[in-house]
Amino acid sequence: MKRLQSMLTYCRPHGGEGEKQFVERFIRPYEPEEIKDVAGEVLAYVVRVGKDAPVLWCSHVDTVHIQTAPVKQTIVYDEEGGMIYKDDKMPLGADDGAGVWMLLEMIDAGVPGTYMFHRGEERGGIGSRAIAAQYTAFLKPFKYAIAFDRRGTGDIITEQMCGVCCSDEFALALAALLDMDYKPDNTGSFTDTANYIDIIPECTNVSVGYNNEHSPNETLDVWHLESLRNAVVAAFKTGIALPVKRDPSIVVDRWGGNYRYTLSAAEVVDMPFRDILRLIKTSSREDIAELILSLAEEVEHKENHKELAEEINYDSSHWEQLDARNRY
């Protein structure tokens, strides 16, 4: 647990000093490859274990901390309750510090696969979006893209805002292997694997034990995370052979028709009226209700962030840069 606790002491806004120091301390020792865009910006750090394993294990190094946050923060570990939290009115950063820790533990255990530590997930998937567009040939050999970046303790995500991301057969098989009361869940929002659904057949996001992410009330269930680490290592130490049923060339739209909702609240506001009307006509009442709820949640998160920035005297203009790009 010492490494996990040390990792969570870093505030890691995208491009900030905390992110840089975090990468240097925890990821650079594994001598990762760097995937860069055409301008030379690093999109992700990649570590390979074994040869030809058809799985992309995913996490992201950034957090929602604002750029003026300190590089280091103080966390509290309740050993009796197995919980990590903070009391300084800022997010903990277990989203996705828990996922990064998980991947490093798997690498140390020799679990085969390609490990992708994405940048800019909290800015709308900057790294993964560019990788999907510029590195399609790199992604095509993979059958699975499995992220550890989901709140709670029991979800294997089958749908994200982009639409259906993995088959029920795959999700059920993964849940059975983990043997930890995981179940398929179709209420996902966004993580980096969403950007790969046109290329990789089975893309998902797995709960890692954090809750109330992006808020001062964020917590991490350490006991669950440890148990998940043990289950994953035991299940995949010798390789991965889960069902592959979803055809990535056929994207099943979450909202009906050919329209694929991958937009933030600000982008929906900017949609032409005819597209909004078509979305309503081709969707069920339940889907429309879910869309309204997701937009309301995004607005609420924005307001909470602004209030938090004012409370701790940070420059609230940061949120104006992020509110249309954050995913949670």
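Note that this is a predicted model, so its numbers are computed, not measured. (Residues numbered from 1 in each chain as written. Predicted model: local features only at pLDDT ≥ 70, side-chain atom pairs only at ≥ 80, totals over all residues. Heavy atoms only, no water.)

Draft legend 1. Main features of the nonpolar core. Core analysis: the largest hydrophobic core is formed by 56 residues, its most contacted members being Trp57, Tyr115, Phe117, Phe148 and Leu220. It is helix 3 (residues 94–109) that contributes the most residues to this core, nine residues altogether. Here phenylalanine 148 is in contact with Trp57, Cys58, Asp96, Gly99, Met102, Leu103, Met106, Asn205, Val206, Val208, Leu228 and Val232, once residues within four sequence places are set aside. Within the second largest apolar cluster, 25 residues are counted, among which are Ala44, Cys58, Ala132 and Ile197. (Core = buried A, V, L, I, M, F, W, Y, C linked by side-chain atoms within 4.5 Å. Buried < 20%, exposed > 50% of the residue type's maximum accessible area, 1.4 Å probe, protein only. Helix = DSSP H or I, 4+ residues; strand = E, 2+ residues; numbered from the N terminus. Contact = heavy atoms within 4.5 Å.)

Draft legend 2. Looking closely at the packing of aromatic side chains. Counting across every chain of the model gives eight aromatic pairs. Here tryptophan 57 and phenylalanine 148 contribute two aromatic rings whose centre-to-centre distance is 6.1 Å and whose plane-to-plane angle is 20°, an arrangement assigned as stacked. A residue pair is termed long-range when its members are at least 10 positions apart, and tryptophan 57 in strand 3 (residues 55–60) and phenylalanine 148 in strand 7 (residues 144–150) qualify at 91 residues. With a relative accessible area of 1%, tryptophan 57 lands in the buried category. A relative accessible area of 2% places phenylalanine 148 in the buried class. Taken together, Trp57, Tyr115, Phe148 and Phe236 form an aromatic cluster joined through their ring pairs. Geometry around phenylalanine 22 places arginine 12 over its ring, the cationic atom sitting 4.4 Å from the centre. Lysine 72 extends its terminal NZ or CZ atom over the ring of tyrosine 10, reaching a point 4.7 Å from the ring centre. (Phe/Tyr/Trp six-rings, centres within 6.5 Å; stacked < 30°, edge-to-face > 60°. Lys NZ or Arg CZ within 6 Å of the ring centre and 35° of its normal.)

Draft legend 3. The arrangement of the environment of histidine 118 in detail. Inspection of the secondary structure assignment puts histidine 118 in strand 6 (residues 113–118). Classification of histidine 118 as buried rests on a relative accessible area of 0%. With 57 residues separating them in the primary sequence, histidine 118 and valine 61 have C-alpha atoms 6.2 Å apart. Beyond its immediate stretch of four places on either side in the chain, histidine 118 contacts Leu43, Ala44, Cys58, Ser59, His60, Val61, Asp62, Ser128, Ile131, Asp192 and Tyr196. Side-chain polar atoms of histidine 118 contact the side chain of tyrosine 196, separated by 2.7 Å. (Polar contact = N/O pair within 3.5 Å; in protein donor to acceptor, adjacent residues only side chain to side chain.)

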